[in-house]
Structure formats: structure tokens, C-alpha cells
Amino acid sequence: MKIGIVSDVHCNEPGLRQAFEILGGVDELICLGDSIYEYRFSNEVVRLLRHRGVHTILGNHEEGFMGPQGSRARRAEWIDPSLLERPGRLELTFGGKKLLVVHSTPWEPRGTYVYPHSSLLARFGEADADFVLYGHTHHQLTRRIGKVLVINPGSAGEARDGSNGRQLSCAVLDTVTEEVTITDFS
């Protein structure tokens, strides 16, 4: 089974559409949160995720928008906050393989930025899953930690990863072969 993965779209509808073109005919799509950007909301991005049937979780930007500090931003008449009704994490099973889908970390408190060089990355190996998918850092990563394959697709909306020339990116996970393909685009 092939899983298309995007993260940190941050209201970038053209970036999301381009990622979907690159991902092509995958079997499932997953978004690792931050479909919006701080207190800017994009009905178009959120509707597109919903229309495509993407398994989507909340990121820190959605949590801020839906929290007390986002009350003023949510008052705009054109915003459809019902589009943000989604979980903070998902546990999915495809073809007998367990996927843990989080925005930042599998442990509490959430919100830590775990970059590819961080010693905290070892904690992802504690997860009861075959794969842990996470975003938040906008930095690409594919690394096996114990029995867990940890994947960060980078960002499909706001490029921050110097290791790929600050390009947007998305990923495909083949759950059978456990091969991960990360594609850069601009």
C-alpha cells in the first residue's frame, strides 16, 4: 500500500495542489497538521484536504487558532471553523502495519521541535508502531530507530529545510517494502 504524506501546508493551496500531483494515485493520503498559518485561515486548503479524503490531524497552528488566542481571528464571517474538526493524532493500520501520525512528538507535552540531528529522535523508537509520521520542523527525515521507521516529509507549504535547498516537499511510503520516497518541488 502506498501512502502519500504532506505536512505544514500553511495556507499554501498551490503547494498542496502540486504535492497532490506529485503523489499521484497513492492508496491513502495523510496530512500531518498545520494546514493553516498562525491566525490566517484557508477554507480552500482545508476543504481540499477534506474533499480528497486526506487523513488530517491538528498541528500547533490549528490548536492556536482554535484556542483562546485565536478568538478574534475566528470571528471573520468567511471562516468555516467546522473544517478544523480533526484529532490531534491518529493511529492507523494499513495492510497489517501500524502507523502513528503526530504533528510534533508522540510523547507529552507535545510541541518540541525534533530535528534530524536531535538526540530526542531516539524517543520515537519507543512508539508502539511500525511507522511514526511527524512534521512540525519542516525538515525531511527518514530514519529507522529500533523497529520503528520515522518519517518527516518536510513541508508542502513553507520551505525551511536548507538540506534540500529550501524547497517544498512531500513523501510516499510503501508499507510493504518500507521504501520512502521524498520529492522536492518549488
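Described in the following lines is the structure provided in the data block. Because the structure is predicted, anything quoted here is derived from the model rather than measured. (Residues numbered from 1 in each chain as written. Predicted model: local features only at pLDDT ≥ 70, side-chain atom pairs only at ≥ 80, totals over all residues. Heavy atoms only, no water.)

Quick look at the overall build of the protein chain
Part 1: Along its length, the protein chain carries four helices and ten strands.
Part 2: The secondary structure elements of the protein chain, listed N-terminal to C-terminal, are β-α-β-α-β-α-α-β-β-β-β-β-β-β.
Part 3: Rg of the C-alpha trace for the protein chain: 15 Å, near the compact-globule value of 16 Å for 186 residues, within the 12% margin.
Part 4: For the protein chain, the spread of C-alpha atoms along the principal axes amounts to about 50 × 35 × 35 Å.
Part 5: Counting across all 186 residues of the protein chain, residues that qualify as buried make up 53%.
Part 6: Of the contacts made within the protein chain by residues no fewer than 6 positions apart, 62% connect residues no fewer than 24 positions apart.
Part 7: Averaging the locations of the 20 positively and 24 negatively charged side chains of the protein chain gives two centres separated by 3 Å. (Helix = DSSP H or I, 4+ residues; strand = E, 2+ residues; numbered from the N terminus. Rg over C-alpha atoms; globule rule 2.2 N^0.38 Å. Buried < 20%, exposed > 50% of the residue type's maximum accessible area, 1.4 Å probe, protein only. Contact = heavy atoms within 4.5 Å. Lys, Arg positive; Asp, Glu negative; His and termini not counted. Charge placed at Lys NZ, Arg CZ, Asp CG, Glu CD.)

Topic: the nonpolar core
As a rule of thumb, soluble globular proteins bury nonpolar side chains together.
Part 1: Counting residues in hydrophobic clusters, the biggest one holds 18 residues, and the most contacted among them are Val6, Leu16, Phe20, Leu23 and Leu49.
Part 2: Of all the elements in the fold, those that place two or more residues in this core are helix H1 (13–23), strand E2 (28–31), helix H2 (43–51) and strand E9 (168–174).
Part 3: The leading source of residues in this core is H1, at four residues.
Part 4: Discounting chain neighbours no more than four positions away, the residues touching Val6 are Leu16, Ala19, Leu23, Ile30, Cys31, Leu32, Pro153, Ala156 and Cys170.
Part 5: The next biggest cluster of nonpolar side chains, apart from the first, holds 17 residues, and it includes Ile5, Leu32, Ile57 and Leu133. (Core = buried A, V, L, I, M, F, W, Y, C linked by side-chain atoms within 4.5 Å.)

Focus: the pairing of strand E4 (residues 90–94)
Part 1: Covered by surrounding structure in E4 are Leu90, Leu92 and Phe94 only, the residues Glu91 and Thr93 on the alternate face being uncovered.
Part 2: For E4 and strand E5 (residues 97–101), the ladder comprises five bridges, and the chain directions are antiparallel. Residue pairing for E5: Thr93 is matched across the bridge by Lys98.
Part 3: Between E4 and the antiparallel strand that follows it, E5, lie two residues; Gly95 among them carries a positive phi value of about 55 degrees. (Pairing = 2+ DSSP bridges.)

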